[in-house]
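Spelled out from the first residue to the last, the chains are:
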Amino acid sequence: MTSFVYNKSSTDLQVKSQNAAWLRIMALLYDPFVWLGELTGMRRRRRTLLAEAHGRVVEIGAGTGLNVAHYPDALDELVLTEPEPGMRRKLARRLERHAPAARILNAPAECLPLADESVDTVVSTLVLCTVADPERALREVARILRPDGRLLFIEHVRASSRFLAATQDRLLRPWRGFAGGCVCNRHTLELLRACGFTVEADDQVWRGMPAIVRPLIVGQATR
């Protein structure tokens, strides 16, 4: 009789390989997927938010670079972090057109290779929903920000509507698998405050997107 021995490390490698393959596909699909959402308000939000960026700026989880065209020209430095290879390739192509002096770092938000209190502005747009350890990411943001620095953010969050929040809970698992790890019901505003940030934020709606990711918070935070 043939016996089957479960090999955890082999299975884990297979899952990681499958996830990496899907992330490569997501890098190709991301811009078309959010296209309507960009046209119906997100592009304007990016432009308004990023007008507040100044000095040395670090964007975490820069993705395909949809923010790049909206940064002010007079920044001291623009550093874009992105850990996913497919996203970094698209990001690099965008920088060639819009910000050739900017540089890209292969780094997750939870481990930023930057000195303490060395950054004036950190930017996070639609990122904190996806990072594996948002508390650690926010501690890193707090660490690299200068005492008078600011975190500028646009994040989709858990809905205040009980019905929509329950829908987010029900669809969390399939959505997370489809959207590259995105946690659609994350309590990001509460996490910001729990990590010691003082937050100014407005509730908004991401029109043109699936209902479970429409609730947004937009604003800034200081440590």
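Further up the page is the structure itself.
Residues numbered from 1 in each chain as written. Predicted model: local features only at pLDDT ≥ 70, side-chain atom pairs only at ≥ 80, totals over all residues. Heavy atoms only, no water.

Chemist: Break down the layout of surface pockets for me, with residues and values.
Modeler: Unoccupied space between atoms shows up once a probe the size of one water molecule is rolled over them. The volume enclosed by the largest pocket comes to roughly 1,000 Å³. Leu-23, Met-87, Thr-130, Ala-179 and Gly-180 are, among the 44 residues lining the largest pocket, the residues nearest its centre. Here the lining of the largest pocket takes 10 residues from helix 1 (residues 8–50), the largest share from any one element. Tallied by class, the residues present in the lining of the largest pocket amount to 25 nonpolar, 12 polar and seven charged. What the second largest pocket holds in volume is close to 280 Å³. In terms of lining, the second largest pocket is formed by 16 residues, of which the most central are Val-157, Arg-158, Ala-159, Ser-160 and Asp-203. Counting only elements with at least two residues in the lining of the second largest pocket, the list comes to helix 5 (188–194), strand 6 (198–205) and strand 7 (215–222). Broken down by class, the residue content of the lining of the second largest pocket amounts to eight nonpolar, four polar and four charged. (1 Å grid on protein atoms, 1.4 Å probe; cavity = no way out; pocket = protein on both sides within 12 Å on 5 of 7 lines; lining within 4 Å. Points joined across faces, edges and corners; volume = space filled by probe spheres on them. Helix = DSSP H or I, 4+ residues; strand = E, 2+ residues; numbered from the N terminus. Nonpolar A, V, L, I, M, F, W, Y, C, P; charged D, E, K, R; others polar.)

Chemist: Please give an account of the environment of Thr-81 that cites residues and values.
Modeler: Following the sequence through the fold, Thr-81 ends up in strand 2 (residues 77–81). The buried category is assigned to Thr-81, whose relative accessible area is 0%. The contact partners of Thr-81, leaving out residues within four places of it in the chain, are Val-58, Glu-59, Ile-60, Gly-61, Ala-62, Leu-105, Ala-107 and Leu-112. (Buried < 20%, exposed > 50% of the residue type's maximum accessible area, 1.4 Å probe, protein only. Contact = heavy atoms within 4.5 Å.)

Chemist: Would you mind going over the sheet that holds strand 3 (residues 103–105) in detail, with residue names and values included?
Modeler: Strand order in this open sheet of seven strands is 3-2-1-4-5-7-6, and the pairing throughout is mixed. Every interior strand has two partners, whereas the edge strands, strand 3 and strand 6, have only one. Averaged over all pairs of adjacent strands, the angle between strand axes in this sheet comes to 15 degrees, irrespective of strand direction. Strands strand 4 (119–125) and strand 5 (145–156) of the sheet are contacted by helix 3 (residues 134–144), whose axis makes an angle of about 145 degrees with strand 5. (Pairing = 2+ DSSP bridges. Axes fitted to C-alpha atoms, helices over the stretch in contact; angles between N-to-C directions.)

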